[in-house]
Amino acid sequence: MNAWIRPNHPFIYQTLIAVLIILCFATLLFSIWKKIKPSPLVSEMLTRTYSWWGMSTIVALIVLLHPALGVTFLSIISLSAFRELSSMSKNIRAADRNIIIWCYLAIPVQFAWAYLQNFHGFITFIPVFMFIWIPIMLVMKGETQDIGKSMSVLPGELMLTVFSISHLAYMLTIPISPQLLAGGSGMVLYVLFLTEMNDVFQFCWGKVFGKHKIVPKVSPNKTWEGLIGGFITTSILGYALGFLTPFGKYMIWIVPAILSIAGFIGDVMVSAIKRDVGVKDTGNLIPGHGGLMDRIDSLLLTSVVFFHIYYALYHG
Amino acid sequence: MDKLRGTFLYVIYGMVIKFVLRWIVGIQAKNQPHWPESGPFIIVANHNSHLDTMAIMSMIPYGLIGITHPVAASDYFGKNKWQFYFSKNIINAILIKRKKDDPGQNPIELMSKFIDKGHGLIIFPEGSRGEPQVLQPFKKGIGILLEKYPNIPYIPVYLHGMGKILPKGEKLLVPFQATITWGNPSLVKATSADEITAEIEQQVLALSV
């Protein structure tokens, strides 16, 4: 076997083939729909589907290639997410530019902890060390006007974008074991696939049956019907894909259900930030979807929640 | 020799710098222009940061980068021997004097020489980088040049957010979202130098929305 491609369990290939089939089906469906009855909505769905092809390719590369490459990919995704968030944040002062660079320097360190499977370094570096380092650097700079905002916003954004995504990197490097047949990459695939499908399910259920808004002031498109529909569908899908995870017969129902809720919370959290700043999208990196943060918003919480359930049950 | 130079510059700008600017620094391009097959042409852009030149150079196609020269101030970029060498060979720049009394050739004549050779120029008519996100009035040089060569296409470029990444007077580069917007090559409609300057300023500004 080539050193750069990891020996993967057949489960992973089966899941990736399932993704491929879904993408082919969606592309075909929207293409034909567009031919028969063109409308802006269908055109947008088609653009989004093309973007899904690109994103799925990146996910496949992360899962299939050597973990070092996957971790590097994830660190660049983290960096882009942090950049999007810090660029639009209105709570960061112009004087903070010399401090923001510490946040960027923290990214490779955090992903190195993850890659080296050093759990203590990984779990304390940002929430403890950076939460001290950034404020002390701000204090040393001496610009006290609005310093409280910068002290909390900078580490907070680091937490939201870098700490969360680095959980995927840590998972990616977990080796195959008797209870974890598909290895860490299987779990990464599970979280990514389930989170994104949960977004799609909630969107579809909401579009068809949506009536009762949950947080109309933050995200008017989020309805109880969408949330509950997504919750049930995601739970079933999560159960069906259970072979990628080590979870037993009860947890395999509970975990996807938790992921569904966590995904929703991440989504509305980023929506609230966007609303505060007054933008619709965080950028225009992904055609049809908006910025990177628009796409990975739900992943920011699901990756962390999933990882800690796994870690508590199997590493404690 | 020109081909070798073009390849060298393309590897630096079109590959290495392009990758860093795109994925680490976060500069996104909006609508690529329909590049002319060959020179001469003039790229006109607003100016807030040293990154402006880098961002423009990183997007020039392989066949044109060897013959494209940013026009820079000799009092700044030719301060000493090393900087002079660097500006000439790595930035591929043409160094012009900014003030009338400075020694050296008349800037318009110098630029005309390169246009006559069929080369492209990158001109920042604001003259200096100025305050971030503020467009200063364009200097008349671009008008005089295009009055002399009305048949040469100019390509307007609007850069947004570069002053946040690397402002004037700062050494530290901090990644932020920024955009580079390309307009299409067009010919000037006005005839006098002042009107041409105003027309180009308007075209660059029109890209900001």
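The present account deals with the structure reproduced in this document. Quantities reported herein were computed from a predicted structural model and do not represent experimental measurements.

**A closer look at the overall build of chain A**
At step 1: Check the secondary structure of chain A and you find 11 helices and 0 strands.
At step 2: Sequence-ordered secondary structure for chain A, helices as α and strands as β, is α-α-α-α-α-α-α-α-α-α-α.
At step 3: On C-alpha atoms alone, chain A measures out to a radius of gyration of 20 Å, which is about the 20 Å that the 2.2 N^0.38 rule sets for 316 residues.
At step 4: In terms of overall dimensions, chain A has a C-alpha envelope of 60 × 50 × 35 Å along the principal axes.
At step 5: Here chain A holds 316 residues, and the buried ones make up 50% of them.

**Side note on the overall build of chain B**
At step 1: If you tally the helices and strands in chain B, you get 9 helices and 7 strands.
At step 2: Judged by the C-alpha coordinates and their principal axes, chain B covers about 45 × 40 × 35 Å.
At step 3: Across the 209 residues in chain B, those meeting the buried criterion constitute 51%.
At step 4: At a minimum sequence separation of 6, the contacts of chain B that also span at least 24 residues come to 75%.
At step 5: Surface exposure of chain B reaches about 10,300 Å², of which carbon and sulfur atoms provide 60%.
At step 6: Here chain B contributes 22 positively and 16 negatively charged side chains, and the mean placements of these two sets differ by 8 Å.

**Quick notes on the nonpolar core**
At step 1: In this structure, B:Ile27, B:Ile43, B:Ile56 and B:Ile180 are the most contacted members of the largest nonpolar core, which totals 114 residues.
At step 2: Considering each element in turn, this core owes the most residues, 13 residues, to helix α6 (residues 147-172) of chain A.
At step 3: The next biggest cluster of nonpolar side chains, apart from the first, holds 26 residues, and it includes B:Ile94, B:Ile152, B:Ile200 and B:Leu207.

**Description of the interface of chain A and chain B**
At step 1: Residue-level contacts link 13 residues of chain A with 18 residues of chain B.
At step 2: Approximately 1,400 Å² of surface area, both sides summed, lies buried where chain A meets chain B, with 55% of it carried by carbon and sulfur atoms.
At step 3: Considering only the side of chain A, the residues that lose the most area to chain B are A:Arg83, A:Ser87 and A:Arg97, jointly responsible for 44% of the buried surface there.
At step 4: Inspection of the region where chain A meets chain B yields 1 salt bridge.
At step 5: A salt bridge links A:Arg97 to B:Glu170; its shortest N-O distance comes to 3.7 Å.
At step 6: Taken together, the connections running from chain A to chain B amount to 9 residue pairs in polar contact (both at pLDDT 80 or more).
At step 7: Only α3 (67-88) and α4 (97-115) of chain A provide two or more residues apiece to the side of chain A that touches chain B.

**What about empty space enclosed by the protein?**
At step 1: What the rule picks out here adds up to 1 cavity of 30 Å³ or more.
At step 2: When its volume is computed, the largest cavity comes out at roughly 40 Å³.
At step 3: Every residue along the wall of the largest cavity is listed here: A:Arg83, A:Glu84, A:Leu285, B:Arg22, B:Gly26, B:Gln28 and B:Gln177.
At step 4: Class assignment for the residues of the lining of the largest cavity results in 1 nonpolar, 3 polar and 3 charged.

**Thoughts on the environment of A:Tyr310**
Residues and elements named next belong to chain A.
At step 1: Within the secondary structure, tyrosine 310 sits in helix α11 (residues 299-314).
At step 2: Distance in space between the C-alpha atoms of tyrosine 310 and valine 255 is 9.4 Å, their sequence separation being 55 residues.
At step 3: The contacts of tyrosine 310, once residues within four sequence positions are left out, are Ile174, Leu180, Met187, Pro246, Phe247 and His315.

**Observations concerning the packing of helix α9 (residues 251-277) of chain A against α11(A)**
Residue and element names in this part refer to chain A.
At step 1: Viewed as axis vectors pointing N to C, α9 and α11 meet at an angle of 150 degrees, and their least axial separation amounts to 7 Å. Considering their axes alone, α9 and α11 lie roughly antiparallel with respect to each other. Relative to α11, α9 is oriented so that their crossing is right-handed. Across the interface between the two elements, Met251, Val255, Ile258, Leu259, Ala262, Gly263, Ile265, Gly266, Met269 and Val270 of α9 pack against Leu300, Leu301, Thr302, Val305, Phe306, Ile309 and Leu313 of α11.

**Regarding the side chain of A:Ser78**
At step 1: Examined against the element boundaries, A:Ser78 turns out to sit in helix α3.
At step 2: In this view, A:Ser78 contacts A:Phe111, A:Thr161, A:Val162 and A:Ile165; residues no more than four positions away in its chain are not counted.

**So, the layout of surface pockets**
Residue and element names in this part refer to chain B.
At step 1: There is about 1,200 Å³ of room inside the second largest pocket.
At step 2: Val71, Ala72, Ala73, Arg98 and Gly127 are, among the 42 residues lining the second largest pocket, the residues nearest its centre.
At step 3: Among the secondary structure elements, those contributing two or more residues to the lining of the second largest pocket are α1 (2-25), α2 (51-57), β3 (68-73), α4 (74-77), α5 (81-89), α6 (107-116) and α7 (141-148).
At step 4: Considering every element that reaches the lining of the second largest pocket, the biggest residue donor is β3, with 4 residues.
At step 5: Looking at the lining of the second largest pocket residue by residue, the class counts come to 24 nonpolar, 9 polar and 9 charged.

Calculation rules
Residues numbered from 1 in each chain as written. Chains lettered and ligands numbered in written order. Predicted model: local features only at pLDDT ≥ 70, side-chain atom pairs only at ≥ 80, totals over all residues. Heavy atoms only, no water. Helix = DSSP H or I, 4+ residues; strand = E, 2+ residues; numbered from the N terminus. Rg over C-alpha atoms; globule rule 2.2 N^0.38 Å. Buried < 20%, exposed > 50% of the residue type's maximum accessible area, 1.4 Å probe, protein only. Contact = heavy atoms within 4.5 Å. Areas by Shrake-Rupley, 256 points an atom, 1.4 Å probe, with all protein chains shown as cover. Lys, Arg positive; Asp, Glu negative; His and termini not counted. Charge placed at Lys NZ, Arg CZ, Asp CG, Glu CD. Core = buried A, V, L, I, M, F, W, Y, C linked by side-chain atoms within 4.5 Å. Buried area = accessible area lost by both parts, 1.4 Å probe. Salt bridge = Lys/Arg side-chain N within 4 Å of Asp/Glu carboxyl O. Polar contact = N/O pair within 3.5 Å; in protein donor to acceptor, adjacent residues only side chain to side chain. 1 Å grid on protein atoms, 1.4 Å probe; cavity = no way out; pocket = protein on both sides within 12 Å on 5 of 7 lines; lining within 4 Å. Points joined across faces, edges and corners; volume = space filled by probe spheres on them. Nonpolar A, V, L, I, M, F, W, Y, C, P; charged D, E, K, R; others polar. Axes fitted to C-alpha atoms, helices over the stretch in contact; angles between N-to-C directions. Parallel < 35°, antiparallel > 145°, perpendicular 65-115°, else oblique. Left-handed = near helix turned anticlockwise from the far one by under 90°.

Shape descriptors only; they carry no functional weight alone.
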